[in-house]
Amino acid sequence: EGSDAWDPDERGLFIPLGWVKGCEALMKHVEEQADDGDFSKSNNFFNSLNGLLGAKKSWTVVTQGGLAPIGVLLADRNPTVRKLIMAS
């Protein structure tokens, strides 16, 4: 889902849904870890995400340039995404 050759004659917006689903899988994993409350088996990355995620369980998505459509789709598909920041 992201390895298909680009055809410039094909109209429409190209957004690799696989990339969005990968981000959603990471979000779900972090939320499940936070629900379990057991970060002793996780690395420091997930420990820091737990502190950032907190009790609100909301996300801020930051996108830039050509990845902006992925951020928009991620924010649209997930109600836990509260903020979308699009940088140039």
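Residues numbered from 1 in each chain as written. Predicted model: local features only at pLDDT ≥ 70, side-chain atom pairs only at ≥ 80, totals over all residues. Heavy atoms only, no water.

**Student:** What exactly am I supposed to notice about the overall build of the protein here?
**Tutor:** Within the protein, the regular secondary structure consists of three helices and two strands. Ordered by position in the sequence, the α and β elements of the protein form the string α-α-β-α-β. Looking at the protein as a whole, 25% of its 88 residues are labelled buried. A sequence separation of at least 24 residues applies to 42% of the contacts in the protein between residues at least 6 apart. (Helix = DSSP H or I, 4+ residues; strand = E, 2+ residues; numbered from the N terminus. Buried < 20%, exposed > 50% of the residue type's maximum accessible area, 1.4 Å probe, protein only. Contact = heavy atoms within 4.5 Å.)

**Student:** What is the right way to look at the side chain of Asn78 in this model?
**Tutor:** For Asn78, the position within the fold is in the loop between helix H3 (68–77) and strand S2 (81–87). Separated by 3.1 Å, the side chains of Asn78 and Glu24 make a polar contact. In this view, Asn78 contacts Glu24 and Met27; residues no more than four positions away in its chain are not counted. (Polar contact = N/O pair within 3.5 Å; in protein donor to acceptor, adjacent residues only side chain to side chain.)

**Student:** Is there a simple way to think about the nonpolar core in this case?
**Tutor:** A general feature of soluble globular proteins is that nonpolar side chains tend to end up buried together. Listed in full, the eight residues of the largest apolar core are Val20, Met27, Val30, Trp59, Val61, Ile70, Leu74 and Val81. Put simply, the parts of the chain that give this core at least two residues each are helix H1 (17–36), strand S1 (59–64) and H3. Per-element tally for this core: the top contributor is H1, with three residues. Apart from residues lying up to four places away in sequence, Met27 is in contact with Trp59, Leu74, Asn78, Thr80 and Val81. (Core = buried A, V, L, I, M, F, W, Y, C linked by side-chain atoms within 4.5 Å.)

**Student:** What exactly am I supposed to notice about the side chain of Glu31 here?
**Tutor:** Turning to its location among the elements, Glu31 is positioned in helix H1. Looking at Glu31, its side chain comes within polar contact range of the side chain of Trp59, at 2.7 Å.

**Student:** Can you help me understand the pattern of salt bridges in this one?
**Tutor:** Pairing between side chains of opposite charge can happen when the charged atoms of each approach one another. Taken as a whole and assessed by the stated rule, the structure comprises one salt bridge. Across the pair Glu24 and Arg77 runs a salt bridge whose closest N-O atoms are separated by 2.8 Å. Within this pair, whereas Glu24 is found in helix H1, its partner Arg77 is found in helix H3, the two being separated by 53 residues in sequence. Residue Glu24 is classed as buried on the basis of its relative accessible area, which comes to 15%. (Salt bridge = Lys/Arg side-chain N within 4 Å of Asp/Glu carboxyl O.)

**Student:** Mind showing me how you'd approach the pairing of S2 here?
**Tutor:** Two faces make up the sheet, and in a regular strand the side chains alternate between them. As paired elements, S1 and S2 share six bridges and run parallel to each other. Residue pairing for S2: Thr63 is matched across the bridge by Met86. Where the polypeptide runs from S1 across H3 and back to S2, its parallel neighbour, the crossover connection is right-handed. (Pairing = 2+ DSSP bridges. Right-handed = clockwise from strand over helix to strand, strands pointing away.)

**Student:** Please explain a nonpolar patch on the surface as it appears in this structure.
**Tutor:** Judged by side-chain polarity, Val72, Leu84 and Met86 come together as a nonpolar surface patch covering roughly 250 Å² of accessible area. In this structure, Leu84 sits in strand S2. Judged by its relative accessible area of 33%, Leu84 is partly exposed. (Patch = residues over 30% accessible without salt bridge, like charges linked within 9 Å, V, L, I, M, F, W, Y side chains within 5 Å. Areas by Shrake-Rupley, 256 points an atom, 1.4 Å probe, with all protein chains shown as cover.)

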